[in-house]
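Okay, here's what each chain looks like letter by letter:
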Amino acid sequence: MSQVFDRRPWQRIPPALWILLLLPLLAILPAVPIDETRYLSVAWEMRLSGNWITLHLNGAPYFDKPPLLFWLINASWSVFGVSLWSARLMVLLCSAGCIALCGRLDRMLAPGDGPRASWLLLGFLFLVLFSGVVMFDITLCLFVVLGFVAIVSYVQSGRRSALALLAFAGMMGIFAKGPVALLHLAAPILAAPWWSAGGQRRISWREVLAMMLAAVLGGLPVLLWAWGAVHHLSDADAHELLLRQTAGRVVKSFAHNRPVWWYLPWVPVLLLPWSLLLRWRRVGAAASSWRHSQAVRFGLSASVPALLAFCLVSGKQLHYLLPLLPGVAILLTAWLRQDPELLSARRLWILLAVIAGVLLWSIFGSVPLGRGSMSPETAHGLYALSGGLLLLSAASLWLGRRMKVERCAALSALLLTMAMVPLVRLEVVGSLDMSDVAQRVAELHKQGVVMARTDNEPGLVTFLARLPSPLPAAGVDQVEWARQHPDGVLLVYSGRGTAPAGASPTVRLANGWAGLMTSQAVLANPGALERSPPPAPGD
């Protein structure tokens, strides 16, 4: 029976399709404030206005991010209808493309081998978790790997079509998340003479320069978009788009400012489950293969320099490192070719036991923080779903023990990560659910109640409430607005403290709170609206 996974049709399913098992789970997690709700609202305002060039949030130009993700979301909404699920679908498809391209890259570097790097990339818990969230890094990762494919293709063949593909990847990467895409592509390009040594072609510095120019010049269409977005704006707004959002994060972060070493303790966590499965005593011998393995050298070039560069950049978030994972997958695959016993799939039982313990604690412990207003039936269903996926993960690990280690571990890790999603909903994210607030806003809007928002409110409900236009700002003096609109309702965001009496419904956020206050509640408790700074720019 343990040979069931070694037979068709299981072997014929490519790794990129396995991640589509996440499709039914995309709507389990609510839209997570502040970032995901903000991006959904930007996409929603794009749909309402029909303006696909200048982005808007709460009716004002939005310059924190380039437009590709918002274009993709609107394309998905046009095909599948407007929903949170269809918005997240585009990110999941980008993840599937990233996994497929990683396998293509691996075969280019090591012809004759199967898509082993795709299995390793599929197994990263961190990648799978972010494949179902509306963020920019998975989309960026797709075009970074496409750029890697173009780089290797040019190094091996010298064809100009590979330079054109590199220019396209650079353009789309910048459209996805800005010039940071070039940071990921720079090291494999500059190190091409080193990692390609011993190959069929010898790379000259002239060819290195050609690749750099292709990647950089590919961004010219992005400049055309930027000009189209800002040419009708003031000089200050244009400076915000073209300079502050790029140079500010590098030189002096205005958000997520952390010390140089901050990423380093997180690296073993980001590399799960492979950091757990590695037989570390054998790593030294496998790592020595860099002398004769192009794949090892390329994997190092595609991951280590970018990690060091991110350490030097002042703004730091864990998901910024997602585009490093394909390079790590290439590196681990090359080591695994050198030493087939490098990984121990049996160690995955440890992680499975930990997640099972969390499930039991969630069931029999105190009421989960994330349950919020969830009905007992829904909570029980999530418990059952998590437990069932844990059993499937255990069965996959047991029945697949005769499979190749990377395939067995990747499938089991994928199911294990899927089992974590209902637990994340129960234990954490559910408490951040803005759905009740959004539903109440939609009801009040239909009733014709006058509503406004505090100036610093970051688009928490514009999409969730499907508002035909963003709520207007109440202005600097919200108390005066309450006096002028005694029957009105104010959507309040505060970056600190807890919701005051009279605010309902409310949501406790990671920092501060958000909720609705009637004008009478505002007048009765004006101190509750003490001004707080706006939330950090989007990630």
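Residues numbered from 1 in each chain as written. Predicted model: local features only at pLDDT ≥ 70, side-chain atom pairs only at ≥ 80, totals over all residues. Heavy atoms only, no water.

A.B. asks: Help me out: how do you make sense of the packing of aromatic side chains in this one?
C.D. replies: The way to describe two aromatic rings as a pair is by their centre distance and the angle between their planes. Tallied over the full model, the rule gives 14 aromatic pairs. Ring geometry for Phe70 against Phe136: centres 5.7 Å apart, planes inclined by 75 degrees, an arrangement best described as edge-to-face. Here Phe70, found in helix α3 (residues 68-80), pairs with Phe136, found in the loop between α6 (125-130) and α7 (137-157); they are 66 residues apart in sequence, far enough to count as distant. On the basis of relative accessibility, which here comes to 0%, the residue Phe136 falls in the buried class. Residues Phe126 and Phe130 carry aromatic rings whose centres are separated by 5.0 Å and whose planes lie at 65 degrees to one another, so their mutual orientation is edge-to-face. Of this pair, Phe126 and Phe130 both sit in helix α6, four residues apart, roughly one helical turn. Here the two residues Phe126 and Phe130 agree in accessibility, since each one is buried. Among the aromatic residues, those joined into a ring-pair cluster are Tyr39, Phe70 and Phe136. The ring of Phe136 carries Lys65 above its face, with NZ or CZ at 5.6 Å from the centroid. Lying across the ring of Trp262, Arg258 places its NZ or CZ 4.4 Å from the centre. (Phe/Tyr/Trp six-rings, centres within 6.5 Å; stacked < 30°, edge-to-face > 60°. Helix = DSSP H or I, 4+ residues; strand = E, 2+ residues; numbered from the N terminus. Buried < 20%, exposed > 50% of the residue type's maximum accessible area, 1.4 Å probe, protein only. Lys NZ or Arg CZ within 6 Å of the ring centre and 35° of its normal.)

A.B. asks: Looking at this model, I keep getting lost on the pattern of salt bridges. Mind explaining?
C.D. replies: Pairing is possible between side chains that carry opposite charge, provided their charged atoms lie close to one another. Per the stated rule, a full pass over the model turns up 10 salt bridges. Put simply, Arg38 and Asp35 hold a salt bridge, and the shortest N to O gap is 2.7 Å. On the criterion of helical spacing, the pair formed by Arg38 and Asp35 is a turn pair, its members being three residues apart in helix α2 (residues 35-49). The same class applies to Arg38 and to Asp35, which are both buried. Notably, a salt bridge pairs Glu443 with Arg440, separated by 3.3 Å at the nearest N-O pair. Of the two residues, Glu443 and Arg440 both sit in helix α23 (residues 435-446), three residues apart, roughly one turn of that helix. What makes Glu443 partly exposed here is its relative accessible area of 32%. Overall, Arg440 belongs to the partly exposed group, its relative accessible area being 33%. (Salt bridge = Lys/Arg side-chain N within 4 Å of Asp/Glu carboxyl O.)

A.B. asks: I tried to follow the confidence of the model for the chain on my own but got confused; where do I start?
C.D. replies: Should pLDDT be low for a region, the predicted coordinates there are not to be read in detail. Per-residue pLDDT for the chain has a mean of 88; in total, 90% of the residues score no lower than 70. Helix α13 (residues 235-251) is the least confidently modelled element of the chain, averaging 55 in pLDDT, while α3 averages 97, the highest of any element. Taken together, the stretch residues 1-6 has pLDDT below 50 and engages in 15 contacts with residues farther than four places along the chain or on a different chain. Below a pLDDT of 50 lies the segment residues 248-254, which in the model reaches 23 contacts outside its immediate sequence neighbourhood of four places, other chains included. (pLDDT = per-residue confidence, 0-100. Contact = heavy atoms within 4.5 Å.)

A.B. asks: Sorry, what's going on with the side chain of Asn58 here?
C.D. replies: Structurally, Asn58 is set in the loop between β1 (56-57) and β2 (60-61). Apart from the residues lying within four places of it in its own chain, the contact partners of Asn58 are Glu45, Arg453, Glu457, Pro458, Gly459, Thr462 and Pro470.

A.B. asks: What exactly am I supposed to notice about unusual backbone geometry here?
C.D. replies: Across residues other than glycine, the phi torsion is negative in most instances, and most of the peptide bonds are trans. Residue Ile34 is reached from Pro33 by a cis peptide bond, and omega for that bond is 10 degrees. Structurally, Ile34 can be placed in the loop between α1 (15-18) and α2. Of the consecutive residues Ser504 and Pro505, the connecting peptide bond is found in the cis state with omega at -10 degrees. Assignment of secondary structure puts Pro505 in strand β5 (residues 503-508). With a phi angle near 55 degrees, Asn58 is a residue other than glycine that sits in the positive phi range. Take Asn58: its relative accessible area is 12%, and that puts it in the buried class. Phi is positive for Arg466, which is not a glycine, with a value near 50 degrees. In this fold, Arg466 is placed in the loop between β3 (451-453) and α24 (478-484).

A.B. asks: Can you walk me through the sheet that holds strand β4 (residues 489-494) in this structure?
C.D. replies: Hydrogen bonds between backbone atoms are what pair the strands of a sheet, whose relative direction is either parallel or antiparallel. With mixed pairing, four strands are arranged side by side in an open sheet as β3-β4-β6-β5. Where the open sheet ends on each side, the last strands, each with one partner, are β3 and β5. Strand-to-strand twist in this sheet, taken as the mean axis angle between neighbours without regard to direction, amounts to 15 degrees. Of the pairings in the sheet, the one linking β5 to strand β6 (residues 513-518) comprises four bridges and is antiparallel in character. Considered in β6, the bridge of Val507 is made with Ala514. Strand contacts of α23: β3, β4, β5 and β6, with the helix running at about 145 degrees to β5, the strand carrying the most contacts. (Pairing = 2+ DSSP bridges. Axes fitted to C-alpha atoms, helices over the stretch in contact; angles between N-to-C directions.)

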